[in-house]
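Single-letter residue listing:
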Amino acid sequence: MSPTQTDSNDAKKVKLDSPNSAAGVGKPSRVLHFRGVPSDATEGEIVQLGLPFGRMTNLVLAKKKNQALLEMGDVPSAQAMVNYYSERPPQIRARTVYVQFSN
């Protein structure tokens, strides 16, 4: 392996090991990413998860990818939601759903 290959691998490793790459942690944002969403989940079920945390402004449900994006009205509401669900992961139709800040 040449030194340039080693250097590029180290650069990737450093990037992956950055604090923002940890699960559930990232740069706080109003947009939340849900993964593990059942393919038969409804928009209403995602909205129900966000209701206790404040106003929601947008929702995208990607059923084929088992994901959803939910935009909250403000960053503090989104932070409260991530903090709550990181300790108590929600379930939709007996499947655990993971909530994190969207990139």
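Small disclaimer: the values here were computed from a predicted structure and weren't measured. (Residues numbered from 1 in each chain as written. Predicted model: local features only at pLDDT ≥ 70, side-chain atom pairs only at ≥ 80, totals over all residues. Heavy atoms only, no water.)

(A) Main features of the packing of aromatic side chains. Considering all chains together, one arrives at 3 aromatic pairs under this definition. Ring centres 5.7 Å apart and planes at 55° place the aromatic pair Phe-53 and Tyr-84 in the tilted group. Residue Phe-53 is located in the loop between helix H2 (43–50) and strand S2 (56–62), and its partner Tyr-84 is located in helix H3 (residues 75–87); the two are separated by 31 residues in the primary sequence. According to the relative accessible area criterion, Phe-53 is buried, its value standing at 17%. (Phe/Tyr/Trp six-rings, centres within 6.5 Å; stacked < 30°, edge-to-face > 60°. Helix = DSSP H or I, 4+ residues; strand = E, 2+ residues; numbered from the N terminus. Buried < 20%, exposed > 50% of the residue type's maximum accessible area, 1.4 Å probe, protein only.)

(B) Representation of the sheet that holds strand S1 (residues 31–35). On the basis of which strands lie adjacent, the open sheet formed by 4 strands has the order S2-S3-S1-S6 and antiparallel pairing. Each edge of the open sheet carries a strand with a single partner, namely S2 and strand S6 (98–101). Between one strand axis and the next, the sheet turns by 20° as a mean value, whatever way the strands run. Bridging between S1 and S6 involves 4 bridges; their strand directions are antiparallel. Counterpart to Leu-32 in the pairing with S6 is Phe-101. The strands touched by H2 are S1, S2 and strand S3 (67–72); relative to S2, the strand with the most contacts, the crossing angle is about 135°. Strand contacts of H3: S1, S3 and S6, with the helix running at about 140° to S6, the strand carrying the most contacts. (Pairing = 2+ DSSP bridges. Axes fitted to C-alpha atoms, helices over the stretch in contact; angles between N-to-C directions. Contact = heavy atoms within 4.5 Å.)

(C) Here's a closer look at unusual backbone geometry. One non-glycine residue, Arg-93, adopts positive backbone phi at about 50°. Note that Arg-93 resides in the loop between strand S4 (91–92) and strand S5 (95–96). Its identity as a non-glycine residue notwithstanding, Ala-94 has a phi of 65°, on the positive side. For Ala-94, a relative accessible area of 69% translates into the label exposed.

(D) The arrangement of H2 in detail. All buried positions along H2 are accounted for by Ile-46, Leu-49 and Gly-50. Projected down its long axis, H2 shows its buried positions confined to an angular sector of 100°, all on one face. Its buried side turned inward, H2 meets S1, S2, S3, H3 and S4. (Arc of directions from axis to C-beta.)

(E) Main features of H3. Here H3 contains 13 residues, and its C-alpha end-to-end distance of 19 Å stays within 8% of the 18 Å for a straight helix at 1.5 Å per residue. Residues of H3 that are buried include every one of Ser-77, Ala-78, Met-81, Val-82 and Tyr-85, and no others. Relative to the axis of H3, the buried residues are bounded by an arc of 130° and lie together on one face. Projecting away from the buried face of H3 at angles above 90 degrees are the exposed residues Pro-76, Asn-83 and Glu-87. In this structure, the buried residues of H3 make contact with S1, H2, S3 and S6. (Expected span 1.5 Å × (residues − 1).)

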